[in-house]
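Residue-level listing of the chains:
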Amino acid sequence: MKKNIFLLLLLCTSVASFAQKPTSAELSRWNQHAKQTTIIRDEWDIPHIYGKTDADAVFGLMYAQCEENFPQIEKNFLEMLGRRAEMEGPKMIYQDLMMQLIQDSAEAVKDFERSPVWFKQLLIAHADGINYYLSKHPEVKPVVLKKFKPWYHLMWTDGSVSPTKSAGITEKHVEAFYGQQLYAKQNAVSANFNMPIQQLVLEQPNYDMEDKTLKGSNGFAVAPKHSRSGNAMLYINPHVPFYFRSEMHMVSEQGLNAYGAVTWGQFFIYQGFNENCGWMHTSGYADVADVYEEQTEKINNELFYAFENEKKKVGQRNINIQYTDNGSLKTSSFDTYFTHHGPVMGMQKGKWLSLQENNRSLDALIECWTRTKSKNLADYTKAMGLLSNNSNNTVYADAAGNIAYWHGNFMPKRNPNFDYSMPVDGSIKATDWQGIHALNEIVQSINPVNGWLQNCNATPFTVAGNQSPKATNYPAYMAPDGENGRGITAVALLSNIDKINLDELIALGYNKKLSAFDILLPRFIQTAKSATLAPRTKKAIDYLANWDHVADTNSIATSIAIEWATKWGAEIPPANTEEAATQILLKYNRMDQEVAFETKIKLLEATLDQFEKWYGGWEIKWGAINRYQRVAPGANFDDNQPSLAVNQGSSRWGALPSFESRRYANTTKRYGYTGNSFVAAVEFGKRLKAKTIVTGGQSRFAESDHFTDQANGFVYGQFKTIHYYKEDVLANKKQAYHPGLAR
């Protein structure tokens, strides 16, 4: 009883410092959750959250996330709410407008109200956990969101690194179309309709290989036939910006026991596992959003658009975007438009562009939660049957020995006679979506006889080697994804396995073969043999000719190849659709065949010149320049501070473990900034076994012992054994506390 009184006193003493005074109902909920929730941190500072109910576990999860990185939580929600300009100023106005065009907060509020009671409790607990943390930590100052609301999570229903699908529409389209309203003297309808076409036309955006398609993820599932223990195994390897997610464990007395990576601000394990099954998501490029060209006309100062043989009235919605400017909060107001396809996002070739998508969905968030409690393949398939996840492929394995792959989940039916990778005619019914494909109609592979599955953000038609699904059995829009270098490497490695264990699966996932150079180098080296070259150039080519195409810290060839190929790749124009940009093998072959030998030599010599300028010599080992260094938030990389040599390369050249690095304005060395993040290898059996690693360490605070305590393991693929069962967690306990109490 004394303990309960103490908890209530702690709640009450913090109320005065809370930005918005909590209600008595909120205080009561907070007190109840805090009493029923315990956070145990282990020797790696991983939080294991134990709650009596699922809602308690959500409350504790959000409290633990806030302890680790509240600023990122706030930033993530501001992005999905379309309110980043309130934090970052006018430069974000059109990104915010784009988000609010796509995701209407009024619809999210309606979804909250119609949520099942059990799910509404989770949404409330999500907001409660964050708000309770803020009430207990007055030193943490939210920039914008002083109090989180339960419907906020329904603006963000997918944990992917790039969850918003816009079919090629960017904020530049939005700015070109709606920006004129800020300057036009006439009304908004006239402003948008009468503006000269050339001022509204934007070329289809270029999709840069590095930024759009190559920082993806790798997922492998191994069936019992290839496992030394006879148990299925799963390899989880998402590629995202470093520190994008945190490793956590959620347990409740209502059947929840999920472990894995949580995207900052979300209340479910996004990449992870429970005792019965595991799930790995790779970003996919299946067509789930489409752009329609609308034929509009103004009649009596009202707008209409053509559809079949009628004129339909253009819908309108006013959107106010607030932004900070010189310390004050200002507002820009926009009259926005929509058709039955969706919001109008821009204009091209004299026609308005509307977007049809499914970025925000109550069912999508329910799907994300329910899959974490799946006990078997049937449960997981039932969760997938909600058909609402619009950005992810899934690689799956379970304790019964099943392995599975689904290419996407939400998949609109379309007329296969139209190319939806480009804007389609919105004036005819034939281009409209025709419902949603059932789960058994999408591209998938369940228990293939070869005994393994892989996906590396590439085509599903190689997921199981020669046992993969056949492209001829599916419409093109279901899987426009091309093949990439990682996919080639994964298929080659998995095709040769016999019986492997968990450590060997990790080693396979950390294979550093840069398969792109199997395509890029042979013809070049053969031609170079008969060419008259400067001694330095010839020696550099000799390094390349004697190289095994594996990234290594002691390899001079790795340094030359990666720097040179980056310049070489720029000779090929970027793709103009997302689908085309996934054709990475095509890009390799174009680099090989379309760039003249003389150009390749000039680029190689330019690379060597740069090395001499930067380092005083061109024979530089990869480990001397490719470094891992973790700096405090807001700090810069520094060549004069300690760092680790990294023997990994960029995934753009086919490396499975992704370590994307670059030079900065104040550095000559390259530092990693995105790639491997949370990585896990899991074995399902009578007792679950799992090993994981994260980028650097669990803590974002430089003064913490857990800032870089996993750095060596991250660089060299030496994973830690996780604590899943309660007795193991308690045996490795370093701290245990209720939310709100001092750690």
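Reading guide: rules and limits
Throughout, residues of each chain are indexed from 1 in the direction in which the sequence is written. Local features in this predicted model are restricted to residues whose pLDDT is 70 or higher, and side-chain atom pairs enter the listing and the counts only when it is 80 or higher, whereas totals over whole chains, interfaces and linings include all residues. Only hydrogens and water are removed before side-chain values are computed, so all heavy atoms of the structure are retained for them. Values of pLDDT, ranging from 0 to 100, describe the predictor's confidence in every residue of the model. By the convention used here, residues are in contact when the closest approach between their heavy atoms is within 4.5 Å. Side-chain rings of Phe, Tyr and Trp, where Trp is taken by its six-membered ring, are said to pair if the distance between their centres is within 6.5 Å; with planes under 30 degrees apart they count as stacked, over 60 as edge-to-face, and otherwise as tilted. Numbering of helices and strands runs from the N terminus, with a helix taken as a DSSP run of H or I at least four residues long and a strand as a DSSP run of E at least two residues long. Three exposure classes are used, based on accessible area relative to the maximum for each residue type with a 1.4 Å probe and protein chains only: buried under 20%, partly exposed in between, and exposed over 50%. Working rule: Lys NZ or Arg CZ, within 6 Å of ring centre, within 35 degrees of ring normal, means a charge sits over the ring. Here an angle of 0 to 180 degrees is reported between the N-to-C directions of two axes, which are lines fitted to C-alpha atoms, with helices fitted over the stretch in contact. When an angle is under 35 degrees it counts as roughly parallel; over 145 it counts as roughly antiparallel; between 65 and 115 it counts as roughly perpendicular; any other value is oblique. Polarity classes work like this: nonpolar for Ala, Val, Leu, Ile, Met, Phe, Trp, Tyr, Cys and Pro, charged for Asp, Glu, Lys and Arg, and polar for all others, with Gly in that last group. By this definition, two strands are paired if DSSP reports at least two bridges between them. Contacts described as polar in this section are N or O atom pairs within 3.5 Å, which, within protein, must combine one atom able to donate a hydrogen with one able to accept it, while residues neighboring in sequence count only if both atoms come from side chains. Salt-bridge detection follows one rule: a side-chain nitrogen of Lys or Arg within 4 Å of a carboxyl oxygen of Asp or Glu.

1. So, the confidence of the model for the chain
Mean pLDDT over the chain works out to 92, with 93% of the residues at or above the 70 mark. Predicted confidence is poor over residues 1–18, with pLDDT under 50, and the contacts of this stretch with residues over four places away or in other chains come to 29 contacts. Note that residues 195–214 has pLDDT below 50 and, in this model, 61 contacts with residues that lie over four places away or in other chains.

2. As for the packing of aromatic side chains
Following the criterion strictly, the structure yields 48 aromatic pairs and no others. Arranged with centres 5.7 Å apart and planes meeting at 90 degrees, the rings of Phe242 and Phe714 form a pair that is edge-to-face. Within this pair, whereas Phe242 is found in the loop between strand S4 (233–241) and strand S5 (245–252), its partner Phe714 is found in helix H24 (residues 711–716), the two being separated by 472 residues in sequence. Exposure class is identical for Phe242 and Phe714. Each is buried. Arranged with centres 5.1 Å apart and planes meeting at 35 degrees, the rings of Tyr337 and Trp352 form a pair that is tilted. Linking Tyr337 in strand S14 (residues 328–338) with Trp352 in strand S16 (residues 351–356), this pair joins segments that are 15 residues apart in sequence. Accessibility classification places Tyr337 together with Trp352 in one group, the buried group. Among the aromatic residues, those joined into a ring-pair cluster are Phe70, Phe77, Phe148, Trp151, Tyr152 and Trp156. Between the NZ or CZ atom of Arg414 and the centre of the ring of Tyr477, over which it lies, the distance is 4.8 Å. Over the face of the ring belonging to Tyr673 we find Arg662, whose NZ or CZ atom lies 5.5 Å from the ring centre.

3. Examining the packing of helix H18 (residues 535–545) against helix H22 (residues 597–615)
Each pair of packed helices gets described by two things: the angle between the helix axes and the distance between those axes. At a closest axis distance of 10 Å, the pairing of H18 and H22 adopts a crossing angle of 95 degrees. One finds that H18 runs roughly perpendicular with respect to H22. For the pair formed by H18 and H22, the contact residues are Arg536, Thr537, Ala540 and Ile541 on the first element and Ile601, Leu604, Glu605, Leu608, Asp609 and Glu612 on the second. Of the residues contributing to the contact of H18 with H22, the split by class is five nonpolar, one polar and four charged.

4. What to know about the pairing of strand S9 (residues 290–294)
Most of S9 is tucked away, with five of its five residues classed as buried. Of the two faces of S9, the one carrying Asp290, Tyr292 and Glu294 and the one carrying Val291 and Glu293 are both buried. Where S9 and S16 come together, five bridges link them in antiparallel fashion. Bridging across to S16, Val291 finds its partner in Leu355. Direction of pairing for S9 relative to strand S19 (residues 424–425): parallel, over a ladder of two bridges. Paired with Tyr292 across the two strands is Val424, which belongs to S19.

5. Focus on the pairing of strand S25 (residues 670–676)
Burial analysis of S25 places six of its seven residues in the buried class, which makes it a mostly covered element. Relative to S25, S4 runs antiparallel, the two being bridged by three bridges. Residue pairing for S25: Val240 is matched across the bridge by Gly675. As paired elements, strand S22 (residues 626–628) and S25 share two bridges and run parallel to each other. In the sheet register, Arg627 faces S25, and the bridge partner there is Tyr671. In this structure, strand S24 (residues 659–662) lies alongside S25, joined through four bridges in antiparallel fashion. Within the sheet, the bridge partner assigned to Arg662 lies in S25 and is Tyr671.

6. Describing the sheet that holds strand S2 (residues 47–51)
With mixed pairing, ten strands are arranged side by side in an open sheet as S20-S18-S17-S8-S7-S6-S5-S2-S1-S29. The sheet is open, and its two edges are formed by strand S20 (444–446) and strand S29 (735–737), each paired on a single side. Neighbouring strand axes in the sheet, compared pairwise and without regard to direction, differ in orientation by 15 degrees on average. Where strand S7 (residues 271–273) lies against strand S8 (residues 277–283), two bridges are found, and the strand directions are antiparallel. Directly across from Phe273, in S8, lies its bridge partner Gly278. Along the sheet, helix H3 (residues 54–81) makes contact with strand S1 (37–41), S2, S5, strand S6 (257–263) and S29, crossing S5 at roughly 155 degrees.

7. Topic: the sheet that holds strand S11 (residues 302–307)
What holds strands together in a sheet is hydrogen bonding between their backbones, with the strands either parallel or antiparallel. Pairing is antiparallel across the open sheet formed by three strands, whose spatial order is S10-S11-S12. Across the chains shown, the open sheet's two edge strands, defined by having one partner strand only, are strand S10 (296–299) and strand S12 (310–313). If you compare each strand with its neighbour and ignore which way they point, the axes differ by 40 degrees on average. As judged from the four bridges shared by S11 and S12, these two strands associate in the antiparallel manner. Residue pairing across strands places Phe307 opposite Glu310, the latter belonging to S12.

8. Considerations on the side chain of His723
Tracing the backbone through its elements, the reader meets His723 in the loop between strand S28 (720–721) and helix H25 (726–731). At a separation of 3.4 Å, a polar atom in the side chain of His723 contacts the side chain of Asn732. Beyond its immediate chain neighbours, meaning those up to four positions away, His723 contacts Asp42, Glu43, His48, His249, Tyr259, Asp728, Val729 and Asn732.

9. Let's talk about the pattern of salt bridges
If you walk through the whole model with that rule in mind, you get 32 salt bridges. For the salt bridge of Asp111 with Arg360, the shortest nitrogen-to-oxygen distance reads 2.9 Å. Here Arg360 lies in the loop between S16 and helix H12 (362–370) and Asp111 lies in helix H6 (residues 105–114), a separation of 249 residues in the sequence. This pair shows no difference in class: Asp111 is buried, exactly as Arg360 is. A salt bridge links Glu563 to Arg670; its shortest N-O distance comes to 3.0 Å.

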